[in-house]
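Each chain, written out:
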Amino acid sequence: MAPIMSRIAIIGAGVSGIATAKQLAHHNPVVFEASDSIGGVWSHCSYRSTKLQSPRCDYEFSDFPWPDRDNSSFPSHLEILDYLRSYAKHFDVLKYVRFNSKVAALRYLGNGEPPANGRSPGEYGSLLAGQPVWEVAVQTNGSETIQVVIFTLTNMHDFLLLRLGFEFVVVCIGKYGDIPIIPEFPEEKGPEIFEGKVLHSLDYCKLDHDASTHLLKDKKKLVVSKFIESYLLHKLPLEKYGLKPDHPFVEDYASCQMAIMPENFFPEADKGKIVFKRSSKWWFWKKGIEFEDKTKIETDVVVLATGYDGKKKLKAIMPEPFRSLLEYPSGVIPLYRSTIHPLIPNMAFVGYVESVANLHSSELRSIWLARLVDDKFKLPGVVEMLERTQKEVEVMKRTTRFYKRNCISTYSINHSDEICEEMGWTSWRKKSWLSEAFSPYTSQDYLN
Ligand SMILES: Cc1cc2nc3c(=O)[nH]c(=O)nc-3n(C[C@H](O)[C@H](O)[C@H](O)COP(=O)(O)OP(=O)(O)OC[C@H]3O[C@@H](n4cnc5c(N)ncnc54)[C@H](O)[C@@H]3O)c2cc1C
(Lines give C-alpha, C1' and ligand atoms only; values in the text may rest on other atoms or scores of the structure.)
Protein backbone atom coordinates (compact mmCIF):
# COMPACT_ATOMS: atom_id res chain seq x y z
CA MET A 1 0.00 0.00 0.00
CA ALA A 2 1.44 3.40 -1.00
CA PRO A 3 1.87 6.03 1.73
CA ILE A 4 -1.29 7.77 2.81
CA MET A 5 -1.37 11.46 3.61
CA SER A 6 -4.76 12.22 4.95
CA ARG A 7 -6.53 13.35 8.09
CA ILE A 8 -9.88 11.86 7.08
CA ALA A 9 -10.71 8.21 6.39
CA ILE A 10 -13.88 7.16 4.61
CA ILE A 11 -14.84 3.49 4.85
CA GLY A 12 -16.72 2.15 1.82
CA ALA A 13 -16.99 3.36 -1.79
CA GLY A 14 -20.68 2.83 -2.49
CA VAL A 15 -23.01 5.74 -3.27
CA SER A 16 -22.45 7.20 0.21
CA GLY A 17 -18.66 6.84 0.20
CA ILE A 18 -18.12 8.43 -3.20
CA ALA A 19 -20.55 11.28 -2.42
CA THR A 20 -18.70 11.93 0.86
CA ALA A 21 -15.29 11.73 -0.84
CA LYS A 22 -16.39 14.29 -3.41
CA GLN A 23 -17.65 16.70 -0.76
CA LEU A 24 -14.51 16.29 1.37
CA ALA A 25 -12.11 16.30 -1.62
CA HIS A 26 -10.41 19.50 -0.43
CA HIS A 27 -9.23 17.48 2.61
CA ASN A 28 -7.69 14.78 0.39
CA PRO A 29 -9.52 11.93 2.16
CA VAL A 30 -8.61 8.27 1.82
CA VAL A 31 -11.44 5.87 0.99
CA PHE A 32 -10.96 2.25 2.02
CA GLU A 33 -13.04 -0.08 -0.12
CA ALA A 34 -13.13 -3.80 0.64
CA SER A 35 -13.96 -4.86 -2.92
CA ASP A 36 -12.29 -4.09 -6.23
CA SER A 37 -14.99 -1.71 -7.42
CA ILE A 38 -16.98 1.36 -6.44
CA GLY A 39 -20.80 1.21 -6.40
CA GLY A 40 -21.44 -0.96 -3.34
CA VAL A 41 -24.68 -2.93 -3.60
CA TRP A 42 -25.05 -2.13 -7.30
CA SER A 43 -21.76 -3.85 -7.94
CA HIS A 44 -21.81 -6.87 -5.63
CA CYS A 45 -25.33 -7.31 -4.32
CA SER A 46 -27.44 -7.30 -7.48
CA TYR A 47 -28.89 -10.00 -9.71
CA ARG A 48 -29.06 -9.79 -13.47
CA SER A 49 -32.66 -8.57 -13.12
CA THR A 50 -32.03 -6.01 -10.35
CA LYS A 51 -33.31 -2.59 -11.26
CA LEU A 52 -33.75 0.69 -9.44
CA GLN A 53 -37.20 0.88 -7.88
CA SER A 54 -37.81 4.40 -9.10
CA PRO A 55 -37.15 6.41 -12.27
CA ARG A 56 -33.55 7.56 -12.70
CA CYS A 57 -34.30 11.24 -11.97
CA ASP A 58 -35.17 10.17 -8.39
CA TYR A 59 -31.74 8.56 -7.93
CA GLU A 60 -29.51 11.35 -9.09
CA PHE A 61 -26.73 13.53 -7.67
CA SER A 62 -27.76 17.19 -7.53
CA ASP A 63 -24.86 18.30 -9.76
CA PHE A 64 -24.63 15.31 -12.08
CA PRO A 65 -27.78 14.60 -14.10
CA TRP A 66 -28.30 11.20 -15.69
CA PRO A 67 -27.47 11.44 -19.41
CA ASP A 68 -31.05 10.44 -20.29
CA ARG A 69 -32.77 11.67 -17.14
CA ASP A 70 -36.21 11.97 -18.76
CA ASN A 71 -36.23 8.30 -19.67
CA SER A 72 -38.96 7.05 -17.35
CA SER A 73 -37.81 3.41 -17.34
CA PHE A 74 -36.17 2.08 -14.20
CA PRO A 75 -32.43 1.65 -14.85
CA SER A 76 -30.75 -1.73 -14.42
CA HIS A 77 -28.02 -2.17 -11.82
CA LEU A 78 -25.45 -2.02 -14.64
CA GLU A 79 -26.79 1.36 -15.80
CA ILE A 80 -26.61 2.60 -12.20
CA LEU A 81 -23.01 1.39 -11.95
CA ASP A 82 -22.16 3.22 -15.19
CA TYR A 83 -23.74 6.37 -13.79
CA LEU A 84 -21.82 6.11 -10.50
CA ARG A 85 -18.54 5.44 -12.32
CA SER A 86 -19.10 8.46 -14.57
CA TYR A 87 -19.77 10.58 -11.48
CA ALA A 88 -16.59 9.36 -9.77
CA LYS A 89 -14.58 9.96 -12.94
CA HIS A 90 -16.10 13.37 -13.60
CA PHE A 91 -15.31 14.63 -10.09
CA ASP A 92 -11.98 12.77 -9.96
CA VAL A 93 -12.96 10.82 -6.86
CA LEU A 94 -11.29 7.52 -7.80
CA LYS A 95 -7.86 8.82 -6.87
CA TYR A 96 -8.89 8.74 -3.20
CA VAL A 97 -10.07 5.12 -3.24
CA ARG A 98 -7.89 2.24 -2.03
CA PHE A 99 -9.52 -0.88 -3.48
CA ASN A 100 -9.25 -4.34 -1.94
CA SER A 101 -8.72 -2.63 1.41
CA LYS A 102 -11.07 -3.92 4.04
CA VAL A 103 -11.20 -2.11 7.35
CA ALA A 104 -10.96 -4.93 9.85
CA ALA A 105 -11.08 -2.88 13.06
CA LEU A 106 -11.11 0.61 14.49
CA ARG A 107 -9.32 1.59 17.67
CA TYR A 108 -10.06 4.77 19.56
CA LEU A 109 -7.00 6.80 20.51
CA GLY A 110 -8.73 9.69 22.27
CA ASN A 111 -10.05 10.13 25.79
CA GLY A 112 -13.75 9.56 25.01
CA GLU A 113 -14.78 13.19 25.30
CA PRO A 114 -16.66 14.75 22.39
CA PRO A 115 -14.37 17.02 20.37
CA ALA A 116 -14.24 20.24 22.33
CA ASN A 117 -11.49 22.15 20.52
CA GLY A 118 -12.04 25.72 21.55
CA ARG A 119 -15.66 25.13 22.58
CA SER A 120 -17.33 25.46 25.92
CA PRO A 121 -18.11 22.29 27.93
CA GLY A 122 -20.98 20.16 26.58
CA GLU A 123 -20.70 21.64 23.11
CA TYR A 124 -19.38 19.66 20.20
CA GLY A 125 -16.16 21.09 18.77
CA SER A 126 -14.24 20.77 15.50
CA LEU A 127 -14.17 17.34 13.91
CA LEU A 128 -10.55 17.74 12.87
CA ALA A 129 -8.81 17.41 16.17
CA GLY A 130 -5.24 18.16 15.02
CA GLN A 131 -4.07 14.70 16.06
CA PRO A 132 -5.09 11.11 15.25
CA VAL A 133 -8.22 10.02 17.12
CA TRP A 134 -8.97 6.74 15.34
CA GLU A 135 -6.57 4.01 14.39
CA VAL A 136 -7.72 2.09 11.34
CA ALA A 137 -6.61 -1.51 10.72
CA VAL A 138 -6.76 -2.35 7.04
CA GLN A 139 -6.66 -5.79 5.48
CA THR A 140 -5.47 -5.55 1.91
CA ASN A 141 -6.23 -7.70 -1.10
CA GLY A 142 -7.43 -10.75 0.77
CA SER A 143 -4.07 -11.11 2.52
CA GLU A 144 -4.11 -12.02 6.15
CA THR A 145 -1.69 -9.20 6.98
CA ILE A 146 -3.23 -6.17 8.55
CA GLN A 147 -1.33 -3.10 7.41
CA VAL A 148 -1.67 -0.16 9.71
CA VAL A 149 0.25 3.07 9.51
CA ILE A 150 0.15 6.03 11.88
CA PHE A 151 -0.27 9.35 10.19
CA THR A 152 0.08 12.59 12.01
CA LEU A 153 0.21 16.03 10.54
CA THR A 154 3.50 16.70 12.24
CA ASN A 155 5.46 13.58 11.46
CA MET A 156 5.39 12.52 7.83
CA HIS A 157 8.06 9.86 8.33
CA ASP A 158 5.72 7.76 10.41
CA PHE A 159 4.19 6.31 7.24
CA LEU A 160 6.46 3.37 7.58
CA LEU A 161 5.11 2.40 11.00
CA LEU A 162 2.41 -0.23 11.14
CA ARG A 163 -0.37 2.04 12.34
CA LEU A 164 -2.74 4.28 10.46
CA GLY A 165 -4.30 7.08 12.42
CA PHE A 166 -6.97 9.57 11.36
CA GLU A 167 -8.51 12.60 12.95
CA PHE A 168 -11.93 11.87 11.57
CA VAL A 169 -13.57 8.71 10.20
CA VAL A 170 -16.70 8.55 8.04
CA VAL A 171 -18.36 5.15 8.04
CA CYS A 172 -20.13 4.42 4.72
CA ILE A 173 -20.20 0.61 4.79
CA GLY A 174 -23.89 0.29 3.89
CA LYS A 175 -26.64 -1.73 5.51
CA TYR A 176 -26.94 -4.45 2.90
CA GLY A 177 -24.65 -7.08 1.50
CA ASP A 178 -21.56 -8.58 3.13
CA ILE A 179 -23.24 -10.31 6.11
CA PRO A 180 -26.33 -12.44 5.35
CA ILE A 181 -29.04 -13.17 7.91
CA ILE A 182 -29.37 -16.95 8.13
CA PRO A 183 -32.52 -18.09 9.97
CA GLU A 184 -32.20 -20.37 12.98
CA PHE A 185 -33.77 -23.83 12.76
CA PRO A 186 -34.87 -26.41 15.30
CA GLU A 187 -32.31 -29.13 16.00
CA GLU A 188 -31.87 -31.58 13.13
CA LYS A 189 -34.12 -29.51 10.91
CA GLY A 190 -31.49 -27.24 9.44
CA PRO A 191 -29.94 -27.15 5.95
CA GLU A 192 -27.55 -29.98 6.85
CA ILE A 193 -30.33 -32.58 6.49
CA PHE A 194 -31.51 -31.25 3.11
CA GLU A 195 -30.27 -33.23 0.10
CA GLY A 196 -30.50 -30.29 -2.31
CA LYS A 197 -28.59 -27.03 -2.52
CA VAL A 198 -29.11 -24.10 -0.11
CA LEU A 199 -27.70 -20.64 -0.75
CA HIS A 200 -28.30 -17.10 0.44
CA SER A 201 -29.28 -14.46 -2.13
CA LEU A 202 -25.86 -12.85 -1.45
CA ASP A 203 -24.18 -15.96 -2.91
CA TYR A 204 -26.67 -16.09 -5.75
CA CYS A 205 -25.64 -12.51 -6.70
CA LYS A 206 -22.07 -13.69 -7.14
CA LEU A 207 -22.94 -16.31 -9.77
CA ASP A 208 -22.39 -15.41 -13.41
CA HIS A 209 -24.95 -16.16 -16.10
CA ASP A 210 -23.73 -19.71 -16.79
CA ALA A 211 -23.41 -20.67 -13.13
CA SER A 212 -26.88 -19.35 -12.20
CA THR A 213 -28.45 -21.06 -15.24
CA HIS A 214 -26.70 -24.31 -14.35
CA LEU A 215 -27.91 -24.02 -10.74
CA LEU A 216 -31.55 -23.35 -11.53
CA LYS A 217 -32.35 -24.76 -14.99
CA ASP A 218 -35.01 -27.48 -14.89
CA LYS A 219 -34.88 -27.52 -11.07
CA LYS A 220 -37.59 -27.02 -8.49
CA LYS A 221 -36.67 -23.80 -6.65
CA LEU A 222 -37.93 -22.35 -3.42
CA VAL A 223 -37.27 -18.75 -2.40
CA VAL A 224 -37.74 -17.81 1.25
CA SER A 225 -38.56 -14.12 1.47
CA LYS A 226 -40.58 -11.64 3.49
CA PHE A 227 -40.88 -8.71 1.13
CA ILE A 228 -43.72 -10.04 -0.99
CA GLU A 229 -46.18 -9.01 1.74
CA SER A 230 -45.35 -5.39 1.17
CA TYR A 231 -46.72 -4.32 -2.16
CA LEU A 232 -49.52 -1.94 -3.00
CA LEU A 233 -52.62 -3.93 -2.35
CA HIS A 234 -54.87 -2.31 -4.88
CA LYS A 235 -52.40 -2.76 -7.77
CA LEU A 236 -51.54 -6.38 -7.31
CA PRO A 237 -53.40 -9.67 -7.08
CA LEU A 238 -52.22 -10.21 -3.50
CA GLU A 239 -55.55 -11.54 -2.29
CA LYS A 240 -55.67 -14.00 -5.16
CA TYR A 241 -52.34 -15.46 -4.04
CA GLY A 242 -53.07 -15.29 -0.29
CA LEU A 243 -50.43 -12.58 0.19
CA LYS A 244 -52.60 -9.76 1.52
CA PRO A 245 -50.77 -8.21 4.50
CA ASP A 246 -52.59 -7.95 7.84
CA HIS A 247 -51.68 -4.27 8.15
CA PRO A 248 -52.04 -1.13 6.01
CA PHE A 249 -49.21 -0.76 3.51
CA VAL A 250 -48.54 2.77 4.78
CA GLU A 251 -46.94 1.14 7.84
CA ASP A 252 -44.49 -0.68 5.56
CA TYR A 253 -43.79 2.59 3.79
CA ALA A 254 -43.17 4.40 7.07
CA SER A 255 -40.73 1.70 8.17
CA CYS A 256 -38.93 1.59 4.77
CA GLN A 257 -39.98 -1.98 4.11
CA MET A 258 -41.54 -1.54 0.70
CA ALA A 259 -40.20 -3.35 -2.32
CA ILE A 260 -41.10 -3.48 -5.97
CA MET A 261 -41.59 -6.80 -7.73
CA PRO A 262 -39.38 -7.72 -10.69
CA GLU A 263 -40.85 -7.56 -14.19
CA ASN A 264 -43.23 -10.39 -15.10
CA PHE A 265 -43.54 -11.54 -11.50
CA PHE A 266 -47.31 -11.92 -11.36
CA PRO A 267 -47.69 -12.94 -15.04
CA GLU A 268 -45.34 -15.84 -14.25
CA ALA A 269 -47.44 -16.62 -11.18
CA ASP A 270 -50.53 -16.65 -13.40
CA LYS A 271 -48.83 -19.30 -15.54
CA GLY A 272 -48.31 -21.35 -12.41
CA LYS A 273 -44.50 -20.98 -12.58
CA ILE A 274 -44.39 -19.22 -9.19
CA VAL A 275 -46.42 -20.69 -6.36
CA PHE A 276 -46.77 -18.91 -3.02
CA LYS A 277 -46.88 -20.35 0.46
CA ARG A 278 -47.38 -18.07 3.43
CA SER A 279 -45.93 -19.23 6.73
CA SER A 280 -43.96 -17.65 9.54
CA LYS A 281 -42.29 -20.90 10.67
CA TRP A 282 -40.56 -23.41 8.48
CA TRP A 283 -37.63 -25.82 8.48
CA PHE A 284 -35.87 -28.34 6.27
CA TRP A 285 -36.61 -32.00 5.65
CA LYS A 286 -34.61 -34.38 3.45
CA LYS A 287 -36.28 -33.35 0.21
CA GLY A 288 -37.26 -29.76 0.84
CA ILE A 289 -39.11 -27.48 3.24
CA GLU A 290 -41.77 -28.25 5.84
CA PHE A 291 -44.14 -25.59 7.22
CA GLU A 292 -45.77 -25.16 10.60
CA ASP A 293 -49.09 -26.49 9.23
CA LYS A 294 -47.15 -29.73 8.48
CA THR A 295 -47.41 -29.30 4.71
CA LYS A 296 -44.21 -30.10 2.80
CA ILE A 297 -42.72 -28.83 -0.43
CA GLU A 298 -40.19 -30.84 -2.41
CA THR A 299 -37.43 -28.80 -3.99
CA ASP A 300 -33.90 -29.04 -5.43
CA VAL A 301 -32.64 -25.55 -4.53
CA VAL A 302 -33.52 -23.25 -1.63
CA VAL A 303 -32.56 -19.57 -1.92
CA LEU A 304 -32.60 -17.70 1.38
CA ALA A 305 -33.71 -14.15 0.53
CA THR A 306 -33.67 -13.46 4.25
CA GLY A 307 -31.83 -10.16 4.19
CA TYR A 308 -28.59 -8.77 5.55
CA ASP A 309 -27.25 -7.97 8.99
CA GLY A 310 -26.07 -4.37 8.65
CA LYS A 311 -25.71 -3.92 12.40
CA LYS A 312 -23.43 -6.93 12.71
CA LYS A 313 -21.26 -5.50 9.93
CA LEU A 314 -20.93 -2.21 11.78
CA LYS A 315 -20.40 -3.83 15.18
CA ALA A 316 -17.63 -5.99 13.72
CA ILE A 317 -15.38 -2.95 13.25
CA MET A 318 -16.50 -0.77 16.19
CA PRO A 319 -14.55 -1.09 19.44
CA GLU A 320 -16.07 -0.99 22.89
CA PRO A 321 -17.44 1.09 24.58
CA PHE A 322 -18.79 2.57 21.32
CA ARG A 323 -20.14 -0.76 20.04
CA SER A 324 -22.49 -0.96 23.03
CA LEU A 325 -23.49 2.68 22.58
CA LEU A 326 -24.49 2.22 18.95
CA GLU A 327 -28.13 1.59 19.70
CA TYR A 328 -28.33 3.50 22.96
CA PRO A 329 -30.83 4.68 24.21
CA SER A 330 -33.65 3.53 21.89
CA GLY A 331 -32.54 0.40 20.03
CA VAL A 332 -32.10 2.48 16.88
CA ILE A 333 -28.73 4.14 16.20
CA PRO A 334 -29.28 7.70 17.48
CA LEU A 335 -27.84 9.73 14.63
CA TYR A 336 -28.15 13.49 14.73
CA ARG A 337 -29.11 14.58 11.20
CA SER A 338 -28.84 10.85 10.47
CA THR A 339 -25.07 11.31 10.55
CA ILE A 340 -23.45 12.08 13.91
CA HIS A 341 -23.71 9.79 16.93
CA PRO A 342 -23.53 12.27 19.81
CA LEU A 343 -21.57 9.83 21.96
CA ILE A 344 -19.03 8.68 19.37
CA PRO A 345 -16.34 11.31 18.89
CA ASN A 346 -14.79 12.28 15.54
CA MET A 347 -16.86 9.85 13.56
CA ALA A 348 -19.79 10.21 11.16
CA PHE A 349 -22.08 7.73 9.46
CA VAL A 350 -23.39 8.33 5.94
CA GLY A 351 -25.90 5.95 4.34
CA TYR A 352 -27.52 4.85 7.59
CA VAL A 353 -30.87 6.45 7.08
CA GLU A 354 -33.37 5.07 4.62
CA SER A 355 -35.76 7.25 2.73
CA VAL A 356 -37.68 7.32 -0.51
CA ALA A 357 -34.50 8.45 -2.32
CA ASN A 358 -31.41 7.01 -0.68
CA LEU A 359 -28.86 8.56 -3.01
CA HIS A 360 -30.24 12.02 -2.33
CA SER A 361 -30.29 11.37 1.44
CA SER A 362 -26.63 10.37 1.38
CA GLU A 363 -25.59 13.25 -0.83
CA LEU A 364 -27.35 15.92 1.22
CA ARG A 365 -25.88 14.54 4.44
CA SER A 366 -22.39 14.45 2.92
CA ILE A 367 -22.76 18.11 1.91
CA TRP A 368 -23.90 18.92 5.46
CA LEU A 369 -21.00 16.93 6.89
CA ALA A 370 -18.38 18.67 4.71
CA ARG A 371 -19.64 22.05 5.89
CA LEU A 372 -19.54 20.84 9.47
CA VAL A 373 -15.95 19.62 9.08
CA ASP A 374 -15.07 23.04 7.68
CA ASP A 375 -16.62 24.69 10.75
CA LYS A 376 -19.24 26.51 8.65
CA PHE A 377 -21.72 25.86 11.46
CA LYS A 378 -21.63 24.25 14.90
CA LEU A 379 -23.44 21.26 16.29
CA PRO A 380 -25.61 21.62 19.39
CA GLY A 381 -24.37 20.03 22.63
CA VAL A 382 -24.35 16.27 23.16
CA VAL A 383 -27.44 16.23 25.40
CA GLU A 384 -29.47 18.31 22.98
CA MET A 385 -28.50 16.10 20.04
CA LEU A 386 -29.46 12.98 21.98
CA GLU A 387 -32.81 14.49 22.96
CA ARG A 388 -33.60 15.54 19.40
CA THR A 389 -32.73 12.16 17.89
CA GLN A 390 -34.78 10.43 20.57
CA LYS A 391 -37.77 12.61 19.72
CA GLU A 392 -37.39 11.81 16.01
CA VAL A 393 -37.41 8.09 16.76
CA GLU A 394 -40.54 8.49 18.92
CA VAL A 395 -42.35 10.35 16.13
CA MET A 396 -41.42 7.65 13.62
CA LYS A 397 -42.49 4.89 15.99
CA ARG A 398 -45.95 6.48 16.17
CA THR A 399 -46.32 6.13 12.38
CA THR A 400 -45.71 2.38 12.22
CA ARG A 401 -45.57 -0.62 14.52
CA PHE A 402 -42.68 -1.99 12.47
CA TYR A 403 -40.20 0.85 12.98
CA LYS A 404 -36.89 -0.66 14.02
CA ARG A 405 -34.19 0.98 11.90
CA ASN A 406 -33.22 4.49 10.86
CA CYS A 407 -35.89 5.41 8.35
CA ILE A 408 -37.41 8.80 7.56
CA SER A 409 -39.63 7.89 4.59
CA THR A 410 -42.66 10.05 5.32
CA TYR A 411 -40.59 12.86 6.81
CA SER A 412 -37.80 13.01 4.19
CA ILE A 413 -38.59 16.56 3.06
CA ASN A 414 -38.89 17.86 6.64
CA HIS A 415 -35.47 16.39 7.42
CA SER A 416 -33.98 17.96 4.28
CA ASP A 417 -35.50 21.32 5.28
CA GLU A 418 -33.89 21.15 8.72
CA ILE A 419 -30.53 20.16 7.25
CA CYS A 420 -30.65 23.08 4.80
CA GLU A 421 -31.53 25.54 7.56
CA GLU A 422 -28.74 24.26 9.80
CA MET A 423 -26.25 24.74 6.95
CA GLY A 424 -27.52 28.27 6.46
CA TRP A 425 -29.36 27.46 3.23
CA THR A 426 -32.97 28.33 2.61
CA SER A 427 -35.33 25.37 2.92
CA TRP A 428 -37.50 26.87 0.17
CA ARG A 429 -35.54 25.37 -2.70
CA LYS A 430 -37.79 26.20 -5.65
CA LYS A 431 -37.54 29.30 -7.79
CA SER A 432 -41.15 30.37 -7.31
CA TRP A 433 -44.06 29.99 -4.89
CA LEU A 434 -46.00 28.22 -7.58
CA SER A 435 -43.43 25.47 -8.07
CA GLU A 436 -42.90 25.33 -4.29
CA ALA A 437 -46.59 24.52 -3.95
CA PHE A 438 -47.15 22.27 -6.95
CA SER A 439 -43.98 20.66 -8.29
CA PRO A 440 -42.28 17.71 -6.60
CA TYR A 441 -38.89 18.05 -4.96
CA THR A 442 -35.94 16.34 -6.66
CA SER A 443 -32.24 16.22 -5.79
CA GLN A 444 -31.58 19.03 -8.31
CA ASP A 445 -33.46 21.39 -6.00
CA TYR A 446 -30.57 20.99 -3.55
CA LEU A 447 -27.89 22.24 -5.93
CA ASN A 448 -26.45 25.21 -4.10
C1 LIG B 1 -30.86 -5.14 -4.16
C2 LIG B 1 -30.98 -3.72 -3.68
C3 LIG B 1 -31.82 -2.82 -4.32
C4 LIG B 1 -31.92 -1.50 -3.88
N5 LIG B 1 -32.75 -0.66 -4.55
C6 LIG B 1 -32.82 0.64 -4.16
C7 LIG B 1 -33.63 1.57 -4.88
O8 LIG B 1 -34.28 1.21 -5.84
N9 LIG B 1 -33.67 2.87 -4.47
C10 LIG B 1 -32.96 3.30 -3.39
O11 LIG B 1 -33.03 4.51 -3.08
N12 LIG B 1 -32.19 2.45 -2.70
C13 LIG B 1 -32.10 1.13 -3.05
N14 LIG B 1 -31.32 0.26 -2.35
C15 LIG B 1 -30.63 0.74 -1.16
C16 LIG B 1 -29.15 0.98 -1.44
O17 LIG B 1 -28.52 0.28 -0.44
C18 LIG B 1 -28.82 2.48 -1.45
O19 LIG B 1 -29.53 3.14 -2.47
C20 LIG B 1 -27.34 2.80 -1.69
O21 LIG B 1 -26.85 2.19 -2.85
C22 LIG B 1 -26.49 2.45 -0.49
O23 LIG B 1 -25.19 2.94 -0.72
P24 LIG B 1 -24.11 2.93 0.42
O25 LIG B 1 -22.88 3.50 -0.18
O26 LIG B 1 -24.65 3.59 1.63
O27 LIG B 1 -23.90 1.39 0.81
P28 LIG B 1 -23.37 0.20 -0.08
O29 LIG B 1 -23.84 0.29 -1.46
O30 LIG B 1 -23.69 -1.03 0.69
O31 LIG B 1 -21.78 0.40 -0.11
C32 LIG B 1 -20.98 0.12 1.00
C33 LIG B 1 -19.56 -0.15 0.53
O34 LIG B 1 -18.74 -0.32 1.68
C35 LIG B 1 -17.85 -1.40 1.45
N36 LIG B 1 -17.49 -1.95 2.77
C37 LIG B 1 -18.30 -2.59 3.64
N38 LIG B 1 -17.60 -2.93 4.76
C39 LIG B 1 -16.34 -2.47 4.56
C40 LIG B 1 -15.16 -2.49 5.35
N41 LIG B 1 -15.15 -3.05 6.58
N42 LIG B 1 -14.03 -1.96 4.85
C43 LIG B 1 -14.01 -1.37 3.62
N44 LIG B 1 -15.11 -1.32 2.82
C45 LIG B 1 -16.25 -1.86 3.30
C46 LIG B 1 -18.65 -2.36 0.61
O47 LIG B 1 -17.78 -3.22 -0.13
C48 LIG B 1 -19.43 -1.42 -0.30
O49 LIG B 1 -18.75 -1.14 -1.49
C50 LIG B 1 -31.19 -1.08 -2.76
C51 LIG B 1 -30.38 -2.00 -2.08
C52 LIG B 1 -30.26 -3.31 -2.54
C53 LIG B 1 -29.39 -4.26 -1.78
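Residues numbered from 1 in each chain as written. Predicted model: local features only at pLDDT ≥ 70, side-chain atom pairs only at ≥ 80, totals over all residues.

So the rule is basically this: UniProt positions are given in the numbering used here, feature names are shortened, and annotations may be inferred rather than shown by experiment.
The name given to the protein chain in an unreviewed UniProt entry is Flavin-containing monooxygenase, with the source organism recorded as Ficus carica. Per its UniProt entry, the protein chain bears the Sequence similarities (unreviewed entry) comment "Belongs to the FMO family." Its UniProt record gives the protein chain a comment under Cofactor (unreviewed entry), which states: "FAD".

## Section: the overall build of the protein chain
What counts, and what does not: In this description a helix means any DSSP run of H or I spanning at least four residues, a strand means any run of E spanning at least two, and both kinds are numbered starting from the N terminus. As a rule, residues whose C-beta atom has 12 or fewer other C-beta atoms within 10 Å are exposed, those with 20 or more are buried, and those in between are partly exposed; C-beta atoms are placed from the backbone. We call two residues in contact when the distance between their C-beta atoms, placed using the backbone, is within 7 Å.
Counting its secondary structure elements, the protein chain contains 13 helices and 15 strands. Expressed as a percentage of the 448 residues in the protein chain, the buried residues total 33%. Counting only contacts in the protein chain whose residues sit at least 6 apart along the sequence, the fraction spanning at least 24 positions is 68%.

## Looking at the site of the ligand
Rules: By definition, a residue lies near a molecule or strand when the C-beta atom built from its backbone is within 6 Å of it. Throughout, the ten residues Ala, Val, Leu, Ile, Met, Phe, Trp, Tyr, Cys and Pro are labelled nonpolar, Asp, Glu, Lys and Arg are labelled charged, and all others, Gly among them, are labelled polar.
Neighbouring residues of the ligand: 35 residues in total, closest Gly12, Gly14, Gly40, Gly174 and Gly351. For the shell around the ligand, the secondary structure elements donating two or more residues are helix H1 (15-23), strand E4 (101-108), helix H8 (310-317) and helix H10 (358-373). The residue inventory of the shell around the ligand, partitioned by class, reads 16 nonpolar, 15 polar and 4 charged.

## Side note on the environment of Ser416
Residue position: Ser416 is located in helix H12 (residues 412-423). Ser416 sits 55 residues away from Ser361 along the chain, and the two C-alpha atoms are 8.1 Å apart.

## Topic: the sheet that holds strand E15 (residues 347-349)
The condition is simple: Two strands pair under a simple rule: DSSP has to find at least two bridges between them. Note on method: axes are straight lines fitted to C-alpha atoms, helices fitted across the in-contact stretch only, with angles between N-to-C directions ranging 0 to 180 degrees.
The parallel open sheet is built from 5 strands, whose spatial order is E3-E2-E1-E8-E15. Taken across any chain shown, the strands that pair with only one partner, and hence form the sheet edges, are strand E3 (97-98) and E15. The sheet contact formed by strand E2 (residues 30-32) and E3 spans 2 bridges and is parallel. The residue bridging Phe32 from the neighbouring strand is Arg98, located in E3. Against the sheet, H1 makes contact with strand E1 (8-11), E2 and strand E8 (168-171), and its axis sits at roughly 160° relative to E1, the strand it touches most.

## Details of the pairing of E8
Neither face of E8 is exposed, since Phe168 and Val170 on one face and Val169 and Val171 on the opposite face are all buried. As defined by bridge partners, E1 adjoins E8 across 4 bridges and the pair is classed as parallel. Across the sheet, Ala9 pairs through a bridge with Val169, a residue of E8.

## Concerning the sheet that holds strand E12 (residues 288-291)
Taken in spatial order, the 3 strands of this open sheet run E11-E12-E13, and their pairing is antiparallel. The open sheet has two edge strands, strand E11 (282-285) and strand E13 (296-298), and neither has a second partner. On average, each strand axis in the sheet is tilted by 25° relative to the strand beside it, whichever way the strands run.

## Some remarks on the confidence of the model for the protein chain
For clarity, the cut-off: What pLDDT conveys is the predictor's confidence in a given residue, as a value from 0 to 100.
Confidence along the protein chain averages 83 in pLDDT terms, with 81% of residues attaining 70 or more. Taken together, the stretch residues 151-162 has pLDDT below 50 and engages in 22 contacts with residues farther than four places along the chain or on a different chain.

## Quick word on the environment of Pro380
In this structure, Pro380 sits in the loop between H10 and helix H11 (382-399). Pro380 gets classed as partly exposed once you count the C-beta atoms within 10 Å, which come to 16. With 44 residues separating them in the primary sequence, Pro380 and Tyr336 have C-alpha atoms 9.7 Å apart.

## Details of the nonpolar core
Put simply, the test is: Core membership is restricted to buried Ala, Val, Leu, Ile, Met, Phe, Trp, Tyr and Cys residues, and these are joined into a nonpolar core through C-beta atoms within 7 Å.
Counting residues in hydrophobic clusters, the biggest one holds 74 residues, and the most contacted among them are Ala9, Ile11, Ile18, Leu84, Val136 and Val169. No other element matches the 8 residues that H10 contributes to this core. Counting residues in each nonpolar core, the second largest holds 7 residues, with Phe194, Leu222, Ile289 and Val303 among its members.

## Overview of the environment of Ile419
Of note, Ile419 is situated in helix H12. The class of Ile419 is buried, set by 21 C-beta atoms lying within 10 Å. Considered as a pair, Ile419 and Arg365 are 54 residues apart in the sequence and their alpha carbons are 7.8 Å apart. Apart from the residues lying within four places of it in its own chain, the contact partners of Ile419 are Arg337, Leu364 and Trp368.

## Brief notes about H12
The following threshold applies: A helix is expected to span 1.5 Å multiplied by its residue count minus one. Working definition: the arc comes from the directions between the helix axis and the C-beta atoms, pointing outward to the latter.
For H12, spanning 12 residues, the distance from its first C-alpha to its last is 17 Å, which sits close to the expected 16 Å at 1.5 Å a residue. Among the residues making up H12, those that are buried are Ser416, Ile419 and Cys420. For H12, the angular spread of buried residues about the axis comes to 100°, placing them on one side. The inward-facing, buried residues of H12 contact H10. Once H12 finishes, Gly424 follows within two positions and takes phi at roughly 90°, a positive value.

## Looking at helix H5 (residues 209-216)
The periodicity of an α-helix, 3.6 residues per turn, causes residues three or four positions apart to be oriented the same way. Little of H5 is tucked away: 0 of the 8 residues are buried. Phi turns positive, to about 60°, at Asp218, one or two residues after H5.

## Description of the packing of H1 against H10
Convention followed: Under this scheme an angle from 65 to 115 degrees is roughly perpendicular, one under 35 degrees roughly parallel, and one over 145 degrees roughly antiparallel; angles in between are oblique. Two helices crossing with the near one rotated counterclockwise from the far one by less than a right angle form a left-handed crossing, whereas a clockwise rotation gives a right-handed crossing.
Relative to each other, H1 and H10 sit at 30°, their axes nearing to 9 Å. With respect to each other, H1 and H10 are oriented roughly parallel. Classified by chirality, the crossing of H10 by H1 is right-handed. Between H1 and H10, the residues in contact are Val15, Ser16, Ala19, Thr20 and Gln23 and Leu359, Ser362, Glu363, Ser366, Ile367, Leu369 and Ala370, respectively. Residue classes in the contact of H1 with H10 are distributed as 6 nonpolar, 5 polar and 1 charged.

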